[in-house]
Amino acid sequence: MALLTALQHGDSFFPSGGVAFSQGVETLHGEGRLPDGEEVGRLLREQVLGRWAECDRAVITAAHRAGDDLEAVTAADRALEAATLPRELREGSRRAGAAFLGVHCQLETRNAQAYQERVGRRTAPGHLAACQGLLWRGAGLSEAEAAAVAAHALCVGVLGAAIRLGAIGAVGGQRLLTAIQPALAEMLAQPPPPIEALASYAPVVELAVLRHEQLDSRLFAN
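Computed from a predicted structure; not experimentally measured.

Student: Would you mind showing me how to read the packing of aromatic side chains here?
Tutor: Each aromatic ring pair is described using two quantities: the centre-to-centre distance and the angle formed by the ring planes. Scanning the model with the defined rule gives one aromatic pair in all. Taking the centre distance of 5.5 Å and the plane angle of 85 degrees together, the rings of Phe100 and Trp136 count as edge-to-face. Linking Phe100 in helix 6 (residues 87-107) with Trp136 in helix 8 (residues 128-138), this pair joins segments that are 36 residues apart in sequence. In terms of burial, Phe100 and Trp136 fall into one category: buried.

Printed below as a string of structure tokens:
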């Protein structure tokens, strides 16, 4: 059941709204900065190993460990709000979290309705990572499974955007996903940073997201 649940929630078929975000890929592709799979792979590593591993992963873990303590989940949620400097990334994370919450409310996942009410009252920002930790625990995933599913989903989101934009082909995307998996496994085998030590270093991604609104036409939200 744990494996089937992980497959369900990590699949792009799950309607979490993640396909609306390119995480800077659209800007960089439009500027000609992603000429081949090597550059897309470099961007993916910066996004996952440079930012997610030291920031979002810590929030997922803290929210998962909090269990039914929604005050503790909210504290982790607010820590991510403070650590995410680009407005576009903050807004994108909150939008993705709202979509994720909405689906889980319909699925009647434990704590989904209660946390959605907090977000609705604006007592919690509702970032995606906090919602993932809380609701994947409610769905029955372990802490390790939740982190692995989140890392995989981020990789699929970035590579999926690159494929939709024509930066790489479908097989190229699979090659890049395969190539990053050993580094993902090594990272996930290490303990995450504590919530008070969130760190984010992905300057190429963050600057690309800031420039996204200047594009003449846009397929993605960031």
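Student: Teacher, can you tell me more about helix 8 here?
Tutor: What sets the pattern is the α-helix's 3.6 residues per turn: residues three or four places apart point alike. Taken across its 11 residues, helix 8 has eight buried, putting it largely inside the fold. Along helix 8, the residues classified as buried are Ala129, Ala130, Cys131, Gln132, Gly133, Leu134, Leu135 and Trp136. Next to the buried residues of helix 8 lie helix 1 (2-10), helix 4 (56-66), helix 5 (70-83), helix 6, helix 7 (112-120) and helix 9 (143-164). Looking one or two residues past helix 8, Gly140 carries a phi angle of roughly 105 degrees, positive in sign.

Student: What is the right way to look at the packing of helix 3 (residues 37-51) against helix 10 (residues 170-189) in this model?
Tutor: Each pair of packed helices can be summarised by the angle the axes make with each other and by the distance between the axes. Running from N to C, helix 3 and helix 10 cross one another at 25 degrees; their axes reach a closest spacing of 11 Å. Judged on the interaxial angle alone, helix 10 and helix 3 are roughly parallel. Crossing angle aside, the handedness with which helix 3 passes helix 10 is right-handed. Where helix 3 abuts helix 10, its residues Gly37, Val40, Gly41, Leu44, Arg45, Val48 and Leu49 lie against Leu176, Ile180, Ala183, Leu184 and Met187. Each residue belonging to the contact of helix 3 with helix 10 can be placed in one class, and the counts come to nine nonpolar, two polar and one charged.

Student: Just checking my understanding: could you explain the side chain of Glu88 for this structure?
Tutor: Looking at the secondary structure, you find Glu88 in helix 6. Under the relative-accessibility criterion, Glu88 is labelled buried at 14%. At a separation of 3.1 Å, a polar atom in the side chain of Glu88 contacts the side chain of Arg87.

Definitions and cut-offs
Residues numbered from 1 in each chain as written. Predicted model: local features only at pLDDT ≥ 70, side-chain atom pairs only at ≥ 80, totals over all residues. Heavy atoms only, no water. Phe/Tyr/Trp six-rings, centres within 6.5 Å; stacked < 30°, edge-to-face > 60°. Helix = DSSP H or I, 4+ residues; strand = E, 2+ residues; numbered from the N terminus. Buried < 20%, exposed > 50% of the residue type's maximum accessible area, 1.4 Å probe, protein only. Contact = heavy atoms within 4.5 Å. Axes fitted to C-alpha atoms, helices over the stretch in contact; angles between N-to-C directions. Parallel < 35°, antiparallel > 145°, perpendicular 65-115°, else oblique. Left-handed = near helix turned anticlockwise from the far one by under 90°. Nonpolar A, V, L, I, M, F, W, Y, C, P; charged D, E, K, R; others polar. Polar contact = N/O pair within 3.5 Å; in protein donor to acceptor, adjacent residues only side chain to side chain.

These results come straight from atomic positions and should not be treated as a statement about function.
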